[in-house]
Amino acid sequence: MDLQPPPADSADVAHRADAYAAAPLLNCLLREVAEPLPRSGGHRVHRLPGGRLLRVRGERRPAEPEVRTEDGWRRVGHPELVKLVAEELTRHTGLSNHELPAEMTDSRDAVAALLTARERATAPADPYLRSEQSLVTGHPHHPAPKARGGGPVAAWLKYAPEAHARFPLVLLGVRADTVVEEGDTSALDALGEAPPGYRLLPAHPWQLDLVGSAGACAEAFGDGRLIRLGTTGFETWPTAAIRTVYAPERDLFLKFSLDVRITNDIRRLWRHDLLKLRRTDEAAASALAAGPAGWLSDRGYRTADFAFEELAVLVRDGLYDRIAPGTTPLLAAALVEGFEGSPLDGTEDPGAWWEAYLGAVVPPALAAFADHGVVLEAHLQNTLVAVDADGTPVRALFRDAEGVKLLPDVSRAAGWERLVYCLVVNHLCEVAAAGGERHPGFDPWPAARRELARHDLPEARALPAAPTLPGKTNLLLRWTGADGADARYLPLPNPLAGA
């Protein structure tokens, strides 16, 4: 599959890329620093920190931004929008930032490359894989959700899930006395054959391009601690997480380090996360073991002591012993983004579909918190929902031990705030809004209030009466240079509140 984009036909791709890139950036700007004003016709109007007025069309994905001038409303293109955001944030915070505007532009240019590549690529026939590879917009409240580290398109496009990429993994041999591993990594030994004195270690080819020619890895290739053994005899599919790939033939996920900033973080498998992996994974698995949902266990990792983070690979459970025969797992984020065959588009009864969705996703996340002190990172990209032949949700699968928090490592209040943000704000609010767009007149919140009322957890019962919910401030976090794992919230109107 040739994923090198042809010469841009320019106008159409540029226009679409601008629209895709502007929507999440505007969402951040309007949520985090703007003051909403009364609507004007079909527009939402906001006052920015410097006093300028900005208006947009649309709700979930704002479009057609315009600023007020002496001569009336003037349309703002993407380059000018980036400039406007930078000016307003400098005024609002008193801080300058030259890195984030470049990421915003990189994200927009990445979208243009992805749109062009998708026109030439063939989407996977498997609905699950298609859902994982559907996220052209990505995080709806991040200023640069598709930034790829500023590197040339040719370096990353062939590994991009949004371009329907698939590729074999590089197989390395690591001298046995340098191997570091914990948990069950036996699946790695079945990927190929290592010579005597070596252990098998798969590598993501993009990561190897980034770290393999310099530093500790280059030295290890030179002195024989690390050798190349070819590639896997099968292809893997990158999932929405980009650095996590899926091998359908083996029903196996592998997660790698990737020395590129994706949204808020450099996506390495950090040592401190790997060292606590067994504890968090076992806690999450135990919390979900007896309930209706499933947990995709991060069951072990393997790496080399001379490149602990750079070459780490994590082994994750597959899908098909976690769901009933005849059901199909789908990425929750794809239901929001939209993809061919989405059951949210096809249902004739959105109310019944939504009640089934709530019943699959909400109870296990609340029970994990209430009964086990486990805070699942139950946001859109960490939740899979299995649907039956009619497209009705029947079971949730949660993943990613790296994002799990445990009580009392974090306080109960902090853990609950994180769960509400991930499960309600990032997840349920987005699915509900997507459902409302596809099915005008659909009101998701009475069913959501009923679902919360079923649970004995005091925080859940109180949630519909809370005036606000916590919204993560991704734009301000990135602008002020906060740690990628940090979370700062601002109060958002609570759609659950009401009769």
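A few points on the structure. Each chain has its residues counted from 1, following the order in which its sequence is written. In view of the model being predicted, local features appear only for residues whose pLDDT reaches at least 70, and side-chain atom pairs are presented and counted only at 80 or more, with totals across whole chains, interfaces and linings using the full set of residues. Side-chain descriptors were evaluated using all non-hydrogen atoms of the structure, hydrogens and water having been removed beforehand.

1. Examining the pattern of salt bridges
Turning to step 1, where the next piece is worked out: Every case where a carboxyl oxygen of Asp or Glu lies within 4 Å of a side-chain nitrogen of Lys or Arg is listed as a salt bridge. The tally for this structure, following the rule as stated, stands at 50 salt bridges.
Turning to step 2, where the next piece is worked out: Note that arginine 302 and aspartate 189 form a salt bridge whose closest N and O atoms lie 3.0 Å from each other. Linking arginine 302 in strand β16 (residues 298-304) with aspartate 189 in helix α6 (residues 186-189), this pair joins segments that are 113 residues apart in sequence.
Turning to step 3, where the next piece is worked out: Residue burial is assigned from relative accessible area. The probe radius is 1.4 Å, only protein chains are included, and a residue is buried under 20% of its type maximum, exposed over 50%, and partly exposed in between. Given a relative accessible area of 37%, aspartate 189 falls into the partly exposed group.
Turning to step 4, where the next piece is worked out: Residue arginine 267 pairs with aspartate 265 through a salt bridge whose shortest N-O separation is 3.7 Å.
Turning to step 5, where the next piece is worked out: Put simply, Arg243, Lys255, Asp298, Arg316, Asp400 and Glu402 are held in one network by salt bridges that share partners. A run of DSSP states H or I qualifies as a helix once it reaches four residues; a run of E qualifies as a strand once it reaches two. Both are numbered from the N-terminal end.

2. A look at the packing of aromatic side chains
Turning to step 1, where the next piece is worked out: Between the rings of Phe, Tyr and Trp (Trp by its six-membered ring), a pair exists once the centres lie within 6.5 Å; its type follows the angle of the planes, with under 30 degrees stacked, over 60 edge-to-face, and the other angles tilted. Summed over the entire model, instances satisfying the criterion amount to eleven aromatic pairs.
Turning to step 2, where the next piece is worked out: Of the aromatic side chains, those joined through ring pairs into one cluster are Trp353, Trp354, Tyr357 and Phe442.
Turning to step 3, where the next piece is worked out: Note on geometry: a ring has a charge over it if NZ (lysine) or CZ (arginine) is within 6 Å of the ring centre and within 35 degrees of the ring normal. Directly above the ring of phenylalanine 306 sits arginine 225, whose terminal nitrogen or CZ lies 4.6 Å from the centroid.
Turning to step 4, where the next piece is worked out: In this arrangement the basic side chain of arginine 271 is found over the ring face of phenylalanine 308, its NZ or CZ atom lying 4.1 Å from the centre.

3. Describing the pairing of strand β3 (residues 53-57)
Turning to step 1, where the next piece is worked out: Here strand β2 (residues 43-47) pairs with β3 via five bridges, running antiparallel. Among the inter-strand pairings, histidine 43 is bridged to a residue of β3, identified as arginine 57.
Turning to step 2, where the next piece is worked out: Think of it this way: DSSP has to see at least two bridges between two strands before they count as a pair. Taking the residues between adjacent antiparallel strands as the criterion, β2 and β3 are bridged by five residues, where glycine 51 takes a positive phi near 100 degrees.
Turning to step 3, where the next piece is worked out: The pairing of β3 with strand β4 (residues 63-69) spans three bridges and is antiparallel. When the bridges of β4 are listed, leucine 54 appears paired with valine 67.
Turning to step 4, where the next piece is worked out: Once β3 ends, the chain turns through five residues before running back antiparallel as β4, passing glycine 58 with a positive phi of about 90 degrees.

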